[in-house]
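# Structure assessment
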Amino acid sequence: MSNTSPTLAQLEQKDTFIRRHIGPGKGEIEEMLSAIGASSLDDLIEQTVPAGIALPEPLKCGEGATEVEALNELKAVAQKNKINRSFIGMGYYDTHVPNVILRNVLENPGWYTAYTPYQPEIAQGRLEAILNFQQVTIDLTGLELASASLLDEGTAAAEAMGLAKRVSKNKKANAFFIANDVHPQTVDVVETRAEMFGFEIIKGEAEEAAEHDIFGALLQYPTSTGEVKDISDIIAAVQAKKGIVAVAADLMSLVMLKSPGELGADVALGSAQRFGVPMGYGGPHAAFFATRDSYKRSLPGRIIGVSKDTRGRPALRMALQTREQHIRREKANSNICTAQVLLANMASFYAVYHGPQGLKTIAERIHRFADILATGLTQKGLALKHSTYFDTLTIMVDNKEAVLNKAYEQGLNLRADLEGAVGVSLDETTTREDIIALFDVLLGEEHGLTVEDLDASVTTQGVKSIPDTLVRTSDILTHEVFNKYHSETEMLRYIKSLENKDLALNHSMISLGSCTMKLNATAEMIPVTWAEFGQLHPFAPLNQAEGYQKMIAELAEWLINVTGYDNLSMQPNSGAQGEYAGLLAIQRYHESRGEGHRNVCLIPSSAHGTNPASAQMVSLKVVVVACDANGNVDLDDLRKKAEEVGDNLSCAMITYPSTHGVYEETVREMCDIVHQYGGQVYMDGANMNAQVGITSPGFIGSDVSHLNLHKTFCIPHGGGGPGMGPIGVKSHLAPFLPNHTVVNIETAGKNCGAVSAAPWGSASILPISYMYIKMMGSAGLRKATEVAILNANYVAKQLEGHFPVLYKGNNGRVAHECIIDLRPLKEASGVTELDIAKRLNDYGFHAPTMSFPVAGTLMIEPTESEAKYELDRFINAMVSIRQEIAKVESGEWDATDNPLHNAPHTLADICDSDWNRSYDRMLAAYPAPEVHRNKFWPTVNRIDDVYGDRNLICSCPSIESYVEE
Ligand SMILES: *Cc1c(COP(=O)(O)O)cnc(C)c1O
């Protein structure tokens with residue numbers, strides 16, 4: 001024994017991130033191993049993962065860096081990006097993110113770590129923020145019904161085409177019209193979608209739309225090159241021939257312009273980016289989508305609606321959930337699951353903060369600058385392509401390249417893809433100095449113009465740049481919420497009041513099976529709001545994006561290594577979009593070999609609903625393959641179905657480990673069978689948290705997979721988005737990866753259209769996954785998988801004496817998640833899975849995944865980030881709930897007068913002077929000792945879904961309706 005102090009070298013030992021990311025420490029891991037009867041993590045993995053699929057060698061993702069090292073290194077990479085002033089436009093504009101929103105929403109785990117609001121009683125805050133987003137959309141577009149955000153403007157336009165086909169009364173038409181002046185990337189995404197639906201695309205001048213036999217048309221307002229023209233006659237003419245008209249619109253311009261709804265449009269869509277969300281090299285941003293009330297069942301994506309709770313108070317929830325896309329499977333309108341909730345919230349807060357008057361001032365200032373710029377340029381003899389505009393001028397120039405280069409030298413980016421012209425789009429951040437800098441570039445420095453002189457002439461003489469018929473006269477944002485919180489103090493409190501209503505990962509574990517709600521480390525989040533990543537336009541010249549390109553290439557290399565594939569596309573901006581892009585690659589591959597007739601996709605009955613929904617988006621017929629009693633894909637049925645389909649087999653979509661939470665021993669055989677019939681194997685990568693470092697889709701033998709970077713690779717869920725769904729492919733599919741019409745992607749297919757509006761999807765959240773891999777390194781990544789499996793087995797073991805665990809592998813082990821069966825209990829006691837889910841709220845927990853993939857069950861995925869302490873707290877809550885159920889079973893508690901049936905309990909219940917239940921208040925609200933230390937109060941009682949769907953209201957209710965009778 002010595003009592004000498006540690007040496008400096010010992011004190012200097014690096015604090016590894018690995019032990020911060022992985023919840024259980026060494027001692028806890030030992031305890032849990034012994035509880036489940038495994039001698040070591042290696043022993044557990046050997047018992048759990050079939051030997052035939054174990055990777056022969058370690059990952060090649062380097063050694064884990066510390067937080068400090070990784071941040072320093074990434075900062076140096078980020079600084080290789082050159083941030084010019086951006087005037088490119090094309091749907092992406094610079095914006096001032098209000099600091100109160102930046103820090104208290106975007107940088108706040110209370111907002112970014114929340115899950116999709118499937119449990120609305122503990123999600124009223126973000127539901128209100130999204131409802132506000134719908135209200136902003138409704139007010140500015142002038143349509144009746146809006147959705148809770150889509151992925152980007154391009155995919156929203158593609159969804160509009162799908163809606164048009166579903167609802168148009170011109171049933172025999174198979175063509176969709178796109179006006180020439182729609183943003184090129186939007187055209188690209190819509191064309192890609194149309195190709196697989198088998199729709200004909202007709203392009204032409206907007207005015208000629210009605211000359212064609214079409215089921216719908218897409219127009220842009222203002223047009224891509226900036227013109228503000230009255231499209232009401234065009235809309236009416238198309239509608240007279242039973243076509244549906246969708247208008248892609250710019251949200252900021254709509255503050256001043258007559259709305260698409262007032263012009264007669266059936267659908268309005270676009271990006272809400274410039275409402276306070278950074279450009280971020282392409283995303284993430286929320287797209288808005290609005291349509292007529294009569295098309296509500298055809299609306300893509302989620303809708304938030306108003307209903308009431310059991311106390312009769314207004315309460316918010318996701319409306320018409322039975323039409324939620326991935327629940328309807330192959331009957332779905334679209335495959336959208338993860339959307340852009342966090343960004344929709346930011347945009348709605350931007351509108352709340354500025355209010356109608358503030359927005360008007362911003363829009364009018366942008367427009368005034370455009371008038372000043374236009375006046376100066378035309379005074380000096382330059383020609384504008386259009387005499388009407390809101391914020392975008394298309395300027396005819398003789399030597400485009402010279403002008404562009406001169407601008408680049410001055411630190412200005414102009415729109416570069418027009419013939420004989422450059423484009424300039426102004427935005428909220430435009431200053432007088434910017435206008436002079438633009439004059440200098442476009443006119444030479446001797447122009448002698450001043451902003452003040454030009455402003456005087458614009459003010460006194462006026463400029464008719466918005467036609468009288470298109471000036472907005474209708475009010476916007478009249479609802480109280482947009483007229484109340486304009487001081488920072490009030491705004492801060494409003495944001496906080498909503499945050500307080502929501503349970504997120506900063507309160508307790510969210511053990512959502514299949515969704516991998518793991519730690520979203522602060523060090524991973526910090527680079528997202530660096531200006532070097534935030535302020536780049538997605539179409540900036542590549543030589544200004546060196547930092548991004550380097551980060552993306554390195555991340556891609558790691559992900560290729562992790563998945564065992566050869567190539568990767570970073571374009572899809574959600575898991576479901578990855579599925580779509582992967583299936584598209586498969587179909588293009590078949591076509592390239594003269595086998596375009598292959599049109600059947602085999603999908604096991606246990607698959608996630610986005611699988612059949614995505615298959616349907618590339619016109620594949622879905623044939624369902626049965627699962628056996630152990631939860632495995634029934635190999636005989638797979639072989640039988642593959643044989644029946646024969647030559648028409650396109651592919652099979654499998655999830656591994658299966659959604660039943662087991663590593664199927666036969667997975668290689670499954671791949672072989674599909675290949676034997678000429679099909680391709682799509683492996684859904686949502687369960688990669690059970691594979692990383694241990695096995696890989698490529699090694700197992702599949703051809704393509706998406707990764708949910710917002711599950712396995714630490715991008716937070718944001719309350720239902722954003723996400724990223726890059727796809728890895730074997731080399732034979734690489735020529736069919738999505739490219740982009742504006743920015744050529746070296747590693748993509750040559751003639752392949754885009755699946756997202758931006759070339760690298762939601763690029764600005766990629767630093768999160770980059771930081772995660774950088775800090776974990778090869779060994780840390782594998783350890784994370786091992787502990788994820790340990791945690792799931794520990795939970796399964798502790799619960800199995802109380803609830804049956806539904807599926808297990810050969811050695812009695814589960815993978816990274818487990819399913820507990822509640823059906824026998826329901827049979828015996830009448831207590832439902834919903835009662836249990838809501839009762840968990842009283843204990844301070846979010847419910848696990850309910851009734852997926854098996855009705856009447858809960859699927860629990862604890863992830864590696866939860867320490868044993870938290871797992872035990874959850875287990876104790878479940879055991880305690882089991883004892884409560886026993887009291888209902890035995891008749892000690894009445895079938896309805898019991899804390900399960902009445903869960904969750906609110907303060908209103910507890911303070912009610914009429915409390916007359918058979919159990920006491922303490923048991924209702926504080927059912928476990930730990931709850932006393934950190935009580936979470938649901939703010940509404942159980943919500944009536946049926947009432948909300950029958951009385952669909954998707955706009956902000958009046959404030960009076962909140963006053964209790
Ligand atoms: C989450 C998930 C998806 C869909 O991913 P999104 O990013 O939500 O579109 C697909 N398959 C499985 C198994 C999933 O868990």
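Residues numbered from 1 in each chain as written. Predicted model: local features only at pLDDT ≥ 70, side-chain atom pairs only at ≥ 80, totals over all residues. Heavy atoms only, no water.

### Points about the overall build of the chain
Scanning the chain from N- to C-terminus turns up 32 helices and 23 strands. In the chain, which comprises 965 residues, the proportion classed as buried is 65%. The long-range share in the chain, meaning contacts at least 24 apart out of those at least 6 apart in sequence, stands at 77%. Charged side chains of the chain number 83 positive and 119 negative; the gap between the two group centres comes to 3 Å. (Helix = DSSP H or I, 4+ residues; strand = E, 2+ residues; numbered from the N terminus. Buried < 20%, exposed > 50% of the residue type's maximum accessible area, 1.4 Å probe, protein only. Contact = heavy atoms within 4.5 Å. Lys, Arg positive; Asp, Glu negative; His and termini not counted. Charge placed at Lys NZ, Arg CZ, Asp CG, Glu CD.)

### Some words on helix 23 (residues 635-645)
Three or more residues of helix 23 are buried, namely Leu635, Asp637, Leu638, Lys641, Ala642 and Val645. For helix 23, the arc enclosing every buried residue in end-on projection is 160°, short of the 170-degree limit, so these residues lie on one face. Those residues of helix 23 that are exposed and aimed more than 90 degrees away from the buried face are Asp636, Glu643 and Glu644. In this fold, the buried residues of helix 23 make contact with strand 15 (600-604), strand 16 (621-625), strand 17 (649-655) and helix 24 (667-676). For helix 23, the side-chain oxygen to backbone nitrogen distance between the N-cap and Asp636 is 3.1 Å, and the N-cap itself is Asp634. Two residues or fewer after helix 23 comes Gly646, characterised by a positive phi angle close to 55°. (Arc of directions from axis to C-beta. Polar contact = N/O pair within 3.5 Å; in protein donor to acceptor, adjacent residues only side chain to side chain.)

### Here we look at the UniProt feature "domain: Glycine cleavage system P-protein N-terminal" (unreviewed entry) in the chain
The positions that UniProt labels "domain: Glycine cleavage system P-protein N-terminal" (unreviewed entry) are, in the present scheme, residues 19-442 and 464-739. Secondary structure content for residues 464-739 is 32% helix and 11% strand, and the end C-alpha separation is 40 Å. (UniProt positions renumbered as here; feature names shortened; annotations may be inferred.)

### Observations concerning the packing of aromatic side chains
Counted according to the given criterion, the structure contains 21 aromatic pairs. Measuring from ring centre to ring centre gives 6.1 Å for Phe349 and Tyr494, while their planes differ by 80°; the resulting arrangement is edge-to-face. Of the two residues, Phe349 is situated in helix 13 (residues 341-379) and Tyr494 in helix 17 (residues 488-499); the sequence distance between them amounts to 145 residues. The two residues Phe349 and Tyr494 agree in class, both being buried. Residues Phe845 and Phe874 carry aromatic rings whose centres are separated by 5.4 Å and whose planes lie at 85° to one another, so their mutual orientation is edge-to-face. Within this pair, whereas Phe845 is found in the loop between helix 28 (833-842) and strand 22 (849-850), its partner Phe874 is found in helix 29 (residues 868-889), the two being separated by 29 residues in sequence. Exposure remark for Phe845: the relative accessible area of 1% places this residue in the buried category. Grouped by ring-pair contacts, the aromatic residues Tyr281, Trp530, Phe533, Tyr548 and Trp760 constitute a single cluster. Across from the ring centre of Tyr580, 5.1 Å away, lies the NZ or CZ of Arg193, which sits over that ring. Directly above the ring of Tyr926 sits Lys935, whose terminal nitrogen or CZ lies 5.7 Å from the centroid. (Phe/Tyr/Trp six-rings, centres within 6.5 Å; stacked < 30°, edge-to-face > 60°. Lys NZ or Arg CZ within 6 Å of the ring centre and 35° of its normal.)

### Concerning the UniProt feature "domain: Glycine dehydrogenase C-terminal" (unreviewed entry) in the chain
On the UniProt side, "domain: Glycine dehydrogenase C-terminal" (unreviewed entry) is annotated at positions that read residues 784-905 here. For the annotated span residues 784-905, helix accounts for 45% and strand for 8% of the residues, and the straight-line distance between the end C-alpha atoms is 36 Å.

### Observations regarding the site of the ligand
The environment of the ligand is formed by 14 residues, the closest being Thr338, Ser514, Asp684, His710 and Lys711. Within the side chain of Asn708, a nitrogen or oxygen atom sits 3.0 Å from an oxygen atom of the ligand. Contact between the ligand and Lys711: an oxygen atom at 2.7 Å from a side-chain N or O atom of the residue. Protein chains shield 99% of the accessible area of the ligand, which is 390 Å² for the free molecule. Looking at the shell around the ligand element by element, the count peaks at 3 residues for helix 21 (residues 575-592). (Near = heavy atom within 4 Å. Areas by Shrake-Rupley, 256 points an atom, 1.4 Å probe, with all protein chains shown as cover.)

### Quick look at helix 28
Burial runs high along helix 28: 9 of the 10 residues are buried. Turning to helix 28, the residues buried within the fold contact helix 27 (823-829), strand 22, strand 23 (857-860), helix 29 and helix 31 (921-925). A positive phi of about 90° marks Gly844, the residue just after helix 28.

### Notes on the pairing of strand 9 (residues 304-308)
If a strand is regular, its side chains alternate between the two faces of the sheet. Taken across its 5 residues, strand 9 has 4 buried, putting it largely inside the fold. Counted along the chain from strand 9 to the antiparallel partner strand 10 (residues 314-318), the turn is 5 residues long, and its residue Gly312 has a positive phi close to 80°. (Pairing = 2+ DSSP bridges.)

### Details of the nonpolar core
In this structure, Leu218, Leu269, Phe275, Phe349, Ile395, Leu426 and Met570 are the most contacted members of the largest nonpolar core, which totals 277 residues. The element best represented in this core is helix 13, accounting for 20 residues. Other than its neighbours up to four places away in sequence, Leu218 contacts Ala157, Phe176, Phe177, Ile178, Ala179, Val182, Thr186, Val190, Ala246, Ala248 and Leu269. In this structure, Leu584, Tyr589, Ala734 and Val755 belong to the second largest nonpolar core, which totals 27 residues. (Core = buried A, V, L, I, M, F, W, Y, C linked by side-chain atoms within 4.5 Å.)

### Brief notes about the sheet that holds strand 21 (residues 818-821)
Strands belonging to one sheet form pairs held by backbone hydrogen bonds; the direction of such a pair is parallel or antiparallel. Reading across from one edge, 21-23-22 is the order of the 3 strands in this open sheet, with antiparallel pairing throughout. A strand with exactly one partner marks an edge of an open sheet, and here the two such strands are strand 21 and strand 22. Note that strand 21 and strand 23 share 4 bridges and pair antiparallel. Looking across to strand 23, one finds that Ile819 is bridged to Met859. On the sheet, helix 26 (residues 766-799) packs against strand 21 and strand 23 and is oriented at approximately 20° with respect to strand 21. (Axes fitted to C-alpha atoms, helices over the stretch in contact; angles between N-to-C directions.)

### Some points on unusual backbone geometry
Omega for the peptide link from Tyr656 to Pro657 comes to -15°, which places this bond in the cis form. Within the secondary structure, Pro657 sits in the loop between strand 17 and helix 24. Put simply, Gly721 and Pro722 share a cis peptide bond, and its omega is 20°. Of note in this structure, Leu477 is not a glycine but carries a positive phi near 50°. Checked against the element boundaries, Leu477 lands in the loop between helix 16 (451-461) and helix 17. The residue Thr516 is not glycine, and still its phi comes out positive at about 50°. With respect to the helices, strands and loops of the structure, Thr516 is situated in the loop between helix 17 and helix 18 (522-525).

### Notes on the pattern of salt bridges
Considering all chains together, one arrives at 47 salt bridges under this definition. Asp872 is the salt-bridge partner of Lys868, the closest N and O atoms lying 2.9 Å from each other. Of this pair, Lys868 and Asp872 both sit in helix 29, 4 residues apart, which is roughly one turn of the helix. In this structure, Lys868 and Asp872 share a single accessibility class: buried. Each of the salt bridges in this network shares a partner with another, and the network as a whole consists of Asp15, Arg19 and Arg20. (Salt bridge = Lys/Arg side-chain N within 4 Å of Asp/Glu carboxyl O.)

### Structural notes on the pairing of strand 4 (residues 200-204)
In the sheet, strand 3 (residues 175-179) pairs with strand 4 via 5 bridges, with the strands oriented parallel. Bridged to Phe177 within strand 4 is Ile202. Regarding the hand of the β-α-β motif, the stretch spanning strand 3, helix 10 (residues 184-197) and strand 4 is right-handed. (Right-handed = clockwise from strand over helix to strand, strands pointing away.)

### Description of the packing of helix 10 against helix 21
For the pair helix 10 and helix 21, interaxial distance at closest approach is 12 Å and the crossing angle is 60°. It follows from the interaxial angle that helix 10 and helix 21 lie oblique. For the pair helix 10 and helix 21, the crossing hand works out as left-handed. Contacts from Thr192, Arg193, Glu195 and Met196 of helix 10 reach helix 21 at Gln577, Tyr580, Leu584, Gln587, Arg588 and Glu591. (Parallel < 35°, antiparallel > 145°, perpendicular 65-115°, else oblique. Left-handed = near helix turned anticlockwise from the far one by under 90°.)

### Considering the packing of helix 6 (residues 99-106) against helix 13
Remark: helix 6 packs on helix 13, axes separated minimally by 10 Å, with the N-to-C direction vectors making an angle of 145°. Crossing hand, helix 6 versus helix 13: right-handed. In contact with Val100, Ile101, Val105 and Leu106 of helix 6, helix 13 contributes Leu342, Met346, Phe349, Tyr350 and Tyr353.

### Considerations on the sheet that holds strand 5 (residues 216-221)
Taken together, 7 strands build an open sheet; the order of strands is 2-8-7-6-5-3-4 and the sheet is mixed. The sheet is open, and its two edges are formed by strand 2 (145-146) and strand 4, each paired on a single side. Pairing geometry for strand 3 and strand 5, over 3 bridges, is parallel. Bridge pairing in strand 5 places Phe177 opposite Ala217. Relative to strand 7 (residues 267-271), helix 9 (residues 153-167) is tilted by about 165°, and along the sheet it contacts strand 3, strand 4, strand 5, strand 6 (244-249), strand 7 and strand 8 (287-291).

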